[in-house]
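Survey of secondary and tertiary structure
These are the residues of each chain, in order.
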Amino acid sequence: MTTAPLLLASGIDKAYGPTPALVGADFALRAGEVVAVMGPSGSGKSTLLHCLAGIVRPDAGTITYDGRELTSLPDAARSALRRSDFGFVFQFGQLVPELTCVENVALPLRLNGERRRSAELKAQEWLTRLEVEDVGGKRPGEISGGQGQRVAVARALVTAPRVIFADEPTGALDSLNGERVMQLLTDASRDTGAAVVLVTHEARVAAYSDREVVVRDGSVRSSEWAV
Ligand SMILES: Nc1ncnc2c1ncn2[C@@H]1O[C@H](COP(=O)(O)OP(=O)(O)O)[C@@H](O)[C@H]1O
Ligand SMILES: [Mg+2]
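Residues numbered from 1 in each chain as written. Chains lettered and ligands numbered in written order. Predicted model: local features only at pLDDT ≥ 70, side-chain atom pairs only at ≥ 80, totals over all residues.

1. Focus: the confidence of the model for the protein chain
Put simply, the rule is: What pLDDT expresses is the predictor's confidence in each residue, scored from 0 to 100. Comment: elements are numbered from the N terminus, with helices defined as DSSP H or I runs of at least four residues and strands as E runs of at least two.
When the pLDDT values of the protein chain are averaged, the result is 92; 96% of them are 70 or greater. Confidence scores differ between elements of the protein chain, with strand β10 (residues 219-223) showing the lowest mean pLDDT of 78 and helix α4 (residues 116-129) the highest of 97.

2. Some words on the packing of helix α3 (residues 101-111) against helix α5 (residues 145-157)
Rules: With axes taken as lines fitted to C-alpha atoms, and helix axes fitted only over the stretch in contact, angles between N-to-C directions fall between 0 and 180 degrees. Orientation is classified from the angle alone, with under 35 degrees giving roughly parallel, over 145 giving roughly antiparallel, 65 to 115 giving roughly perpendicular, and any other angle giving oblique. For any helix crossing, the convention is left-handed if the near helix is rotated counterclockwise from the far helix by under a right angle, and right-handed if that rotation is clockwise. Placing C-beta atoms from the backbone, we regard two residues as in contact once those atoms come within 7 Å. Classification convention: Asp, Glu, Lys, Arg as charged; Ala, Val, Leu, Ile, Met, Phe, Trp, Tyr, Cys, Pro as nonpolar; all other residues, Gly among them, as polar.
The interhelical angle for the contact between α3 and α5, taken along N-to-C directions, is 25°, at an axis separation of 7 Å. If you check the angle between α3 and α5, you find them roughly parallel. Handedness of the crossing formed by α3 with α5: right-handed. In this structure, α3 uses C101, N104, V105, L107 and P108 to contact α5, whose residues at the interface are V151, A154 and R155. Here the contact of α3 with α5 is built from residues that sort into six nonpolar, one polar and one charged.

3. Some thoughts on the site of ligand 1
Formally: Only the C-beta atom matters for nearness: placed from the backbone, it must lie within 6 Å of the molecule or strand for the residue to count as near.
Close contacts around ligand 1 come from Y16, T19, A21, G39, S41, G42, S43, G44, K45, S46 and T47, and that covers them all. The element that contributes the greatest number of residues to the shell around ligand 1 is helix α1 (residues 45-52), accounting for three residues. Partitioned by chemical class, the residues of the shell around ligand 1 number two nonpolar, eight polar and one charged.

4. Considerations on α1
Note the cut-off: Counting other C-beta atoms within 10 Å of a residue's own tells you its class, since 20 or more makes it buried, 12 or fewer makes it exposed, and anything in between is partly exposed; those C-beta atoms are placed from the backbone.
Counted residue by residue, α1 has seven buried out of eight residues, so it is predominantly covered. G54 sits one or two residues past α1 and shows a positive phi near 75°.

5. With respect to the packing of α3 against α4
Orientation of α3 relative to α4, taken along the N-to-C sense of each, is 120°, at an axis distance of 8 Å. With respect to α4, the axis of α3 lies oblique. The element α3 and its partner α4 pack so that their crossing is right-handed. Residue-level contacts link C101, V102, V105, A106, L109 and R110 of α3 to R116, A119, E120, K122, A123, Q124, W126 and L127 of α4. Taken together, the residues of the contact of α3 with α4 sort by class into nine nonpolar, one polar and four charged.

6. Quick notes on the sheet that holds strand β1 (residues 7-16)
In plain terms, the rule: For two strands to count as paired, DSSP must find a minimum of two bridges between them.
In space, the four strands of this open sheet follow the order β2-β1-β4-β5, with antiparallel pairing throughout. Among the strands making up the open sheet, the edge pair consists of β2 (19-29) and β5 (68-69). Across seven bridges, β1 lies against β2 in antiparallel orientation. When the bridges of β2 are listed, K14 appears paired with L22. Contacts from α1 reach β1, β2 and β4 (60-65) within the one sheet, and its direction differs from that of β2 by about 55°.

7. Section: the nonpolar core
The cut-off we apply is this: A set of buried Ala, Val, Leu, Ile, Met, Phe, Trp, Tyr and Cys residues, joined to one another through C-beta atoms within 7 Å, is what we call a nonpolar core.
Counting residues in hydrophobic clusters, the biggest one holds 63 residues, and the most contacted among them are V37, L52, V105, L127, A154, F165 and V197. Broken down by element, this core gets its largest block of residues, six residues, from α5. Non-local contacts of V197, meaning those with residues more than four positions away in its chain, are made with L29, V35, V37, L49, L52, V163 and F165.

8. Here's the deal with helix α6 (residues 175-192)
This is how it is decided: Given the number of residues in a helix, its expected span is that number minus one, multiplied by 1.5 Å. Of all possible arcs, the one meant is that of the directions from the helix axis to the C-beta atoms.
Taking 1.5 Å of rise per residue, 18 residues should cover 26 Å, and α6 covers 25 Å from first to last C-alpha, within 8% of that figure. Along α6, the residues classified as buried are G178, V181, M182, L185, T186 and S189. Seen along its axis, α6 keeps its buried residues to an arc of 120°; they face one direction. Facing away from the buried side of α6 by more than 90 degrees, the exposed set consists of L176, Q183, D187 and D191. Along its buried surface, α6 packs onto β3 (34-38), α5, β7 (163-167), β8 (195-199) and α7 (203-206). G193 sits one or two positions beyond α6 and adopts a positive phi of about 80°.

Laid out in C-alpha cells, this is it:
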C-alpha cells in the first residue's frame, strides 16, 4: 500500500521523571485500519496511545495527524481536534456517573455544540447498534461492566471520529463479553471507516486487528506486516 499515513509518529521519547516510558518510538496508522498495539505491562503502550491522541506531549519526536503536527499545536487546538476527530474507549468505561447512559453517549456531541434532542437521538441509535438500547435511561452504576463498555464504545463512535483509541477496552470483562464488545467495536469502525488503535495484551483481542505492532521497553519493535 502506498497511501500516506493518517497518523504518523517518529522518534517519540517520553519519560516520567527518571523512568523512560517511550524511547524513539515510531508508529504509523492509515485511514480505516485497525492496529493492535501489544506488549507486556509497563512497556509503554498506554503512553504511546496518549501521545498519539495528543493527550500527553512527548519530550522529543514528532506526531503528524492529517498533515498537522500535533506536537506543535497549542493545547486548545489539540483538544478541539481530539473532540472532532478522535474517540476514546478505556479499560473501565469512564462514564460520567451522574449522567444517564444516553446523556453519556450524547456528551461528546453536546460538547461540540449539538442540540440536546438531536444529540440524544443519535446517542440512542448508537446504543441500539451496540445492543444496549434498554440502558439509555439508567446511570452507569446501575448497569453491568459489559453494558458499560458497550455504552463507552457508543460514546466513542457517536461523533463519527476518524480515529478511535482503545486502551485495553475489554481488560475488565469476561471473555464472552470481551469478544462481543470487540466484534461490535471493530464492525462499527469498519462500517464508519474509522481507524482504530487498539492497545491490548491479549492475543485473542489482537485477532480483531488488521495488523499488530509490539512495544517493548518503550520502542515499537515489530509489525506483522510492514508499514
Ligand atoms: N503518570 C505516570 N507517572 C510516572 N510513571 C509513569 C506514568 N505513566 C506511566 N509510567 C511509567 O512508564 C512506563 C510505561 O507505562 P505505560 O505506558 O502505562 O505502559 P503499559 O500501558 O504498556 O502498561 C512504566 O514504567 C510506567 O510505570
Ligand atoms: Mg497501559
